[in-house]
Amino acid sequence: FAVFLDEGVTGHPDYHYLNLNPFCDHQIYFEELNKFFDFLENKLDLKIIIAAHPKIDYSKFKKEFLRKIFYNKTLELVKNSDLVLSHMSTSINFAVIYNKPIIFLDSNNYVKSFSSHINLHSDILKSTLINLSNKFNTSDLNNCFKINKNSYKNYKNRYITHNTNDSRSPWKILHD
């Protein structure tokens, strides 16, 4: 199976709390996402499941996701998956730790800052990037199961693990 790491792109409660606009149009978001999920399931013969974001109330999204949603199981789902789908969720750390291939999902529908972060993650990890606004081709998936071991190793060392040779205080590390 492939697991989609939901991060509440259109339904995160922080939008309301902080009086922010979502990163994209809700209807277009789900139309593009489900169209790609259908394509991927068909071409790769993989079932797609959703790893729920802990702050999202999914009762209002059951008709949008059209896939089974799993709660509080992100680590387990990523560990046992064949493929990970994400925008820029911090849960991609699990995919890197378990050496799982990642497809990053971008769209013309997303605000520029969000798209930039997605593209940056894809570049750093040398992972497949799909623009959901474009027509999908099987050739887009040619390398989707490959991981760049060097990029994953560098990502782990730079963003996930603690460098035991670093003598800076935690405050200095945070500041830097």
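Just so we're clear, the structure is a prediction, and the values are computed from it rather than from any experiment.

A. Quick look at the side chain of S86. Relative to the helices and strands, S86 is located in strand 4 (residues 83-86). Among the polar contacts made by the side chain of S86, one reaches the main-chain amide nitrogen of S89 at a distance of 3.3 Å. Residues contacting S86, with those up to four places away along its chain left out, are F4, L5, E7, I92, I103, F104 and L105.

B. Layout of the pairing of strand 5 (residues 102-106). Where burial is concerned, most of strand 5 is hidden: 5 out of the 5 residues are buried. Sheet topology places strand 4 next to strand 5; 3 bridges connect them, and they run parallel. By the bridge assignment, V84 is partnered in strand 5 with I102. Direction of pairing for strand 5 relative to strand 6 (residues 128-131): parallel, over a ladder of 4 bridges. Residue L105 lies in a different strand from strand 6, and its bridge partner there is I130. Between the parallel pair strand 5 and strand 6, the chain is carried across by helix 6 (residues 112-125), and the sense of this crossover is right-handed.

C. Summary view of the sheet that holds strand 1 (residues 2-5). Spatial ordering of the open sheet is given by 3-2-1-4-5-6, a layout of 6 strands whose pairing is parallel. With one partner strand each, in any of the chains shown, strand 3 (69-70) and strand 6 form the two edges of the open sheet. Sheet topology note: the strand 1/strand 4 ladder contains 3 bridges and is parallel. Paired with V3 across the two strands is V84, which belongs to strand 4.

D. Up close: the environment of V3. Topologically, V3 is positioned in strand 1. Taking the C-alpha atoms as reference points, V3 and K47, separated by 44 residues in sequence, lie 8.5 Å from one another. Beyond its immediate chain neighbours, meaning those up to four positions away, V3 contacts I49, A51, L77, V78, S81, L83, V84 and L85.

E. Examining unusual backbone geometry more closely. Even without a glycine there, the phi angle at N72 is positive, about 55°. By the secondary structure assignment, N72 is in the loop between strand 3 and helix 4 (74-80). One non-glycine residue, N99, adopts positive backbone phi at about 55°. Summarising the element assignment, N99 is placed in the loop between helix 5 (92-97) and strand 5. With a relative accessible area of 39%, N99 lands in the partly exposed category.

F. Examining the pattern of salt bridges more closely. Considering all chains together, one arrives at 2 salt bridges under this definition. Two residues, D38 and R67, come together in a salt bridge whose shortest N-O distance is 2.6 Å. A residue pair is termed long-range when its members are at least 10 positions apart, and D38 in helix 2 (residues 26-44) and R67 in the loop between helix 3 (62-65) and strand 3 qualify at 29 residues. What makes D38 partly exposed here is its relative accessible area of 45%. Owing to a relative accessible area of 13%, R67 belongs among the buried residues under this scheme. Taken together, the shared-partner salt bridges connect D38, E41 and R67 into one network.

G. Main features of helix 6. Helix length check: helix 6, at 14 residues, gives a terminal C-alpha distance of 20 Å against a target of 20 Å (1.5 Å per residue), a fit within 8%. Turning to helix 6, the residues buried within the fold contact helix 5, strand 5, strand 6 and helix 7 (149-160). Immediately downstream of helix 6, the backbone of K126 shows phi near 55°, a positive value.

What counts, and at which threshold
- Residues numbered from 1 in each chain as written.
- Predicted model: local features only at pLDDT ≥ 70, side-chain atom pairs only at ≥ 80, totals over all residues.
- Heavy atoms only, no water.
- Helix = DSSP H or I, 4+ residues; strand = E, 2+ residues; numbered from the N terminus.
- Polar contact = N/O pair within 3.5 Å; in protein donor to acceptor, adjacent residues only side chain to side chain.
- Contact = heavy atoms within 4.5 Å.
- Buried < 20%, exposed > 50% of the residue type's maximum accessible area, 1.4 Å probe, protein only.
- Pairing = 2+ DSSP bridges.
- Right-handed = clockwise from strand over helix to strand, strands pointing away.
- Salt bridge = Lys/Arg side-chain N within 4 Å of Asp/Glu carboxyl O.
- Expected span 1.5 Å × (residues − 1).

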